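Read off the chains here:
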Amino acid sequence: MTVLLDIYHELSHAFGPQHWWPGDTTLDVAVGAILTQNTNWWNVEKAIKNLKKRDALSVKVIHTMPVEELAELIRPAGYFNIKTQRLKSFMNFLMKDYRGSIKRMKTGGVHQLREQLLSVNGIGPETADSILLYALEKPMFVIAAYTKRVLSRHRLLDDSRTYNEFQDLFHSTLENEVHLFNEYHALFVQVGKTYCRKTKPLCDICPLRTFKNSKTN
DNA sequence: TGCCAGGCCGGGT
DNA sequence: ACCCGGCATGGC
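Every value quoted in this text rests on a predicted model; they were computed, and no experiment measured them.

Enquirer: Before we go on, may I ask you to explain the overall build of chain A in this structure?
Expert: A count of helices and strands for chain A gives 11 helices and zero strands. Tracing chain A from N to C terminus, the helices and strands come up as α-α-α-α-α-α-α-α-α-α-α. Taking the principal axes of its C-alpha atoms as reference, chain A extends roughly 50 × 35 × 30 Å. Counting all 217 residues of chain A, 32% fall into the buried class. The long-range share in chain A, meaning contacts at least 24 apart out of those at least 6 apart in sequence, stands at 65%.

Have a look at this one:
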């Protein structure tokens, strides 16, 4: 019925299950969401590995650790000075509002949680929604640069639309289900990386080429 | 080699 | 309300 659901099925068929953040703890996911801002996931994995090796993937340890030491551990993720501050801000928030336990966020209402996350310095809409969806398992659709690019390349929604307008499109035309949103966002990243790069796009063999100019509502 | 990666902030118009 | 420079490592 809806084009967006058809696109999901096409991507799912083309790429299969994405299983982002499988078996990771709630905190692993949230830390990963901050570290991966404008950064290749491969670099983030090295930083996460460094943290785990030092038993530093915990709210209290990151909260307490000297910034120089933390920066050194997450260096491979890039922007390490700014991301050190962002991790610190996030842990401050968890200590202050949730007594240092991110799991305590799970009982909260999704809209209130989103506002709280957005108020943390260093957490914007995509990072907040990634934490809500992948860490707290709330049905919040995540919009990435790839999501915008893929949809605008196919003339389904203009790239100049805002984050919230892109998000509303998914929230209003799809069932708000965690599993669907989880897979779908990951699939947009996958198809974007494979066929929708800024330079050398492969539009002629993209699995979504037949959806060009489709109406989205 | 240069460009890019699962953004966000702060200062300027 | 936008627009833009800065942030930084590692892979292709």
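Next comes the rest of the account.
Enquirer: Just checking my understanding: could you explain the domain arrangement of chain A for this structure?
Expert: Note on interface size: it is often stated as the accessible area lost on association of the parts. Here chain A is partitioned into domain 1 (3–19 + 141–211) and domain 2 (26–135). Computed over C-alpha atoms, the centres of domain 1 and domain 2 are 25 Å apart. With seven residues of domain 1 at the interface, the matching set in domain 2 holds six residues. Among the residues forming the side of domain 1 that touches domain 2, the class breakdown is six nonpolar, one polar and no charged.

Enquirer: Can you walk me through the packing of helix α2 (residues 26–35) against helix α6 (residues 80–98) in this structure?
Expert: Packed helix pairs are specified by the crossing angle of their axes together with the interaxial distance, meaning the distance between the axes. Where α2 contacts α6, the two axes come as close as 10 Å, and the packing angle between them is 145°. Pair α2 / α6 crosses with right-handed handedness. Across the interface between the two elements, Val31, Ile34 and Leu35 of α2 pack against Lys83, Arg86, Leu87 and Phe90 of α6. A class-by-class count of the residues in the contact of α2 with α6 yields five nonpolar, no polar and two charged.

Enquirer: Help me out: how do you make sense of the protein's contact with DNA strand C in this one?
Expert: Taken together, Asn38, Thr39, Asn40, Trp42, Asn43, Arg75, Pro76, Gly78, Tyr79, Phe80, Asn81 and Ile82 make up the full set of residues near DNA strand C. Within the residue set of the surface near DNA strand C, elements represented by two or more residues are α3 (41–53) and α6. For the surface near DNA strand C, the leading source of residues is α6, giving three residues. Of the residues belonging to the surface near DNA strand C, the class tally is five nonpolar, six polar and one charged.

Enquirer: I'm lost on the protein's contact with DNA strand B in this one. Help?
Expert: Residues in close proximity to DNA strand B total 27 residues, the closest being Gln37, Asn38, Gly124, Thr127 and Ala145. Elements with a minimum of two residues in the surface near DNA strand B: α8 (125–135), α9 (145–153) and α11 (178–195). A total of five residues in the surface near DNA strand B trace back to one element, the largest contributor, which is α8.

Enquirer: Would you mind showing me how to read the nonpolar core here?
Expert: Proteins that are soluble and globular tend to have nonpolar side chains buried together. Counting residues in each nonpolar core, the largest one holds 53 residues, and the members touching the most others are Ala47, Ile131 and Val191. With seven residues, the single largest contributor to this core is α11. There are two domains that each give this core at least three residues, and those are domain 1 (3–19 + 141–211) and domain 2 (26–135). Not counting residues up to four positions away in its chain, the partners in contact with alanine 47 are Leu35, Leu73, Ile74, Pro76 and Ala77.

Enquirer: Please clarify how unusual backbone geometry should be interpreted in this entry.
Expert: With glycine set apart, most residues show a phi of negative sign, and most peptide bonds adopt trans. Positive phi, normally seen in glycine, also occurs at asparagine 38, with a value near 50°. Following the sequence through the fold, asparagine 38 ends up in the loop between α2 and α3. A residue is classified by how many C-beta atoms lie within 10 Å of it, and asparagine 38, with 8 of them, is exposed.

Enquirer: What am I meant to see in α6 here?
Expert: Since there are 3.6 residues in each turn of an α-helix, residues three or four apart along the chain are aligned in direction. In this model, α6 (19 residues) spans 26 Å end to end at C-alpha, consistent with the 27 Å of a helix rising 1.5 Å per residue. Those residues of α6 hidden inside the fold are in contact with α2, α4 (59–64) and α5 (67–73). Arginine 99 sits one or two residues past α6 and shows a positive phi near 50°.

Enquirer: Would you mind going over the packing of α2 against α3 with me for this structure?
Expert: Packing of α2 against α3 brings their axes to within 10 Å, and their N-to-C directions diverge by 135°. Classed by the angle they form, the pair α2 and α3 counts as oblique. Where α2 crosses over α3, the handedness of that crossing is right-handed. When α2 is examined against α3, the residues Asp28, Val31, Gly32 and Leu35 are found in contact with a partner set consisting of Val44, Ala47 and Ile48. Residues of the contact of α2 with α3, tallied by class, amount to five nonpolar, one polar and one charged.

Calculation criteria
- Residues numbered from 1 in each chain as written.
- Chains lettered and ligands numbered in written order.
- Predicted model: local features only at pLDDT ≥ 70, side-chain atom pairs only at ≥ 80, totals over all residues.
- Helix = DSSP H or I, 4+ residues; strand = E, 2+ residues; numbered from the N terminus.
- Buried ≥ 20, exposed ≤ 12 C-beta atoms within 10 Å, placed from the backbone.
- Contact = placed C-beta atoms within 7 Å.
- Domains from an automatic or database assignment.
- Nonpolar A, V, L, I, M, F, W, Y, C, P; charged D, E, K, R; others polar.
- Axes fitted to C-alpha atoms, helices over the stretch in contact; angles between N-to-C directions.
- Left-handed = near helix turned anticlockwise from the far one by under 90°.
- Near = placed C-beta within 6 Å.
- Core = buried A, V, L, I, M, F, W, Y, C linked by C-beta atoms within 7 Å.
- Expected span 1.5 Å × (residues − 1).
- Parallel < 35°, antiparallel > 145°, perpendicular 65-115°, else oblique.

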